[in-house]
Each structure stands twice: as structure tokens, then as C-alpha cells.
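Notes for the structure review
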Amino acid sequence: MADVPKREVENVEFVFEVMGSPGEGIDAVDLGDALRALNLNPTLALIEKMGGTKKRNEKKIKLEEFLPIYSQVKKEKEQGCYEDFIECLKLYDKEENGTMLLAELQHALLALGESLDDEQVETLFADCMDPEDDEGMIPYSQFIQRLMSDPVVFD
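Keep in mind that this is a model prediction, so the values were computed, not measured.

Here the focus is the layout of surface pockets. By volume, the second largest pocket amounts to about 160 Å³. Glu13, Phe16, Glu17, Gly20, Ser21, Pro22, Gly23, Glu24, Gly25, Lys62 and Leu63 are the residues that line the second largest pocket. With three residues, helix α1 (residues 6-19) is the largest single contributor of residues to the lining of the second largest pocket. Looking at the lining of the second largest pocket residue by residue, the classes come out as three nonpolar, four polar and four charged.

Now the structure itself:
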């Protein structure tokens, strides 16, 4: 059973209880959500590489199949951590005071990397964002903290 410590196996089993059905496992379309529920941050490309699908009911992933996937994704270097995200957003912090323009964050989320759509950005801002100040600035460290502590799930 993959090189996953007992405590983490228990966490994986819990995620499977919540997201899957007994004996069948989880739907492959939910692979990314299951990994994120276990505090991993896989890219969409990595999820697809590991067997994730874009349509529901194409494939099921059983616990025994998921553990090696979990173990491999956990070792991946392409995951960002809090410090990585802060360093990226500091590029937009022109006054070096921990704030950036909300419009610049919105542009980055809509246009760069694994871009989001307008509806996803609005959901993300509603769940994780402090209101912008009179100059359109937001404190980005709180945004990242909220985002990473309570991931937003898009339908």
C-alpha cells in the first residue's frame, strides 16, 4: 500500500467516505478535489496526468488506486505554498506595504497560468477577500491565508 503513513491513510479513507460511494471509490472527475481536501495543490495538468477526467461517470478511482496517486502528488515539486504565492503577489505590491490593486489580482487570476473564469473569480473574492479600500487596494496575505486554509470548490 504506497508509502503513505497510517494517519494519512485514515485521512484519505475519510475523504473517500465523504466524496465516494462504498466499494466503488470516487469519480475521477473529483480527483483534484480529493487531493485538495488532503491539503495538496495539484495543477490541472497533473490531475489529468494522474487519471482525472473532465466528465462525470467516465471512470472510478478506488482507494487502492488513489493511495499511489496521493503519494506521488505529495512528492511533486510543482505545488505552490503560501510563501511562493506571497512572493508572486509582492511583484504587484508597488508600495511594499502588503497591498496590491484588486484589479491586478483579478487580471492575474483571469489571464495567467491555469486561468479562472469571471464567475469563479467572483466566488473566490466573495469567500476569501477583504473589501478593497478607497484606492482599490487589498491586503494580499490575508487573501492567500483564507484561500489556502479553506479551499473554494467550483462546480
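Here we take up the domain arrangement of the protein chain. In terms of domain boundaries, the protein chain breaks down into domain 1 (4-73) and domain 2 (80-147). The gap between the C-alpha centroids of domain 1 and domain 2 is 28 Å.

To continue, consider the environment of Leu46. On the secondary structure map, Leu46 appears in helix α3 (residues 44-49). Sequence separation of Leu46 and Val73 is 27 residues, and the distance between their C-alpha atoms is 8.0 Å. If near-sequence neighbours (up to four positions away) are discounted, Leu46 is found in contact with Val73 and Glu76.

The next thing to look at is a negative patch on the surface. Together, Glu95, Glu132, Asp133, Asp134 and Glu135 line one region of the surface with negative charge. Along the polypeptide, Glu95 turns up in the loop between α5 (82-90) and β3 (99-101).

Burial of nonpolar side chains together is a common tendency in soluble globular proteins. Counting residues in hydrophobic clusters, the biggest one holds 21 residues, and the most contacted among them are Val12, Leu31, Leu35, Ile61, Phe66, Tyr70 and Val73. Per-element accounting of this core gives the leading share, five residues, to helix α4 (residues 63-75). Apart from the residues within four sequence positions on either side, Val12 is in contact with Leu38, Leu63, Phe66, Leu67 and Tyr70. Listed in part, the 15 residues of the second largest apolar core include Leu89, Leu124, Ile138 and Phe143.

In total, this model carries 11 salt bridges according to the counting rule given. Among the ionic pairs, Asp3 bridges to Lys75, the shortest N-O distance being 2.9 Å. A residue pair is termed long-range when its members are at least 10 positions apart, and Asp3 in the segment before α1 and Lys75 in helix α4 qualify at 72 residues. Residue Lys75 is classed as exposed on the basis of its relative accessible area of 51%. Linking Glu24 and Lys60 is a salt bridge whose minimum nitrogen-to-oxygen distance equals 3.9 Å. With Glu24 in the loop between α1 and β1 (26-27) and Lys60 in strand β2 (residues 60-61), this residue pair connects regions lying 36 residues apart in the sequence. Exposure remark for Glu24: the relative accessible area of 43% places this residue in the partly exposed category. Three or more residues joined by partner-sharing salt bridges are found here, namely Lys6, Arg7 and Glu10.

Cut-off values and rules
Residues numbered from 1 in each chain as written. Predicted model: local features only at pLDDT ≥ 70, side-chain atom pairs only at ≥ 80, totals over all residues. Heavy atoms only, no water. 1 Å grid on protein atoms, 1.4 Å probe; cavity = no way out; pocket = protein on both sides within 12 Å on 5 of 7 lines; lining within 4 Å. Points joined across faces, edges and corners; volume = space filled by probe spheres on them. Helix = DSSP H or I, 4+ residues; strand = E, 2+ residues; numbered from the N terminus. Nonpolar A, V, L, I, M, F, W, Y, C, P; charged D, E, K, R; others polar. Domains from an automatic or database assignment. Contact = heavy atoms within 4.5 Å. Patch = residues over 30% accessible without salt bridge, like charges linked within 9 Å, V, L, I, M, F, W, Y side chains within 5 Å. Areas by Shrake-Rupley, 256 points an atom, 1.4 Å probe, with all protein chains shown as cover. Salt bridge = Lys/Arg side-chain N within 4 Å of Asp/Glu carboxyl O. Lys, Arg positive; Asp, Glu negative; His and termini not counted. Charge placed at Lys NZ, Arg CZ, Asp CG, Glu CD. Core = buried A, V, L, I, M, F, W, Y, C linked by side-chain atoms within 4.5 Å. Buried < 20%, exposed > 50% of the residue type's maximum accessible area, 1.4 Å probe, protein only.

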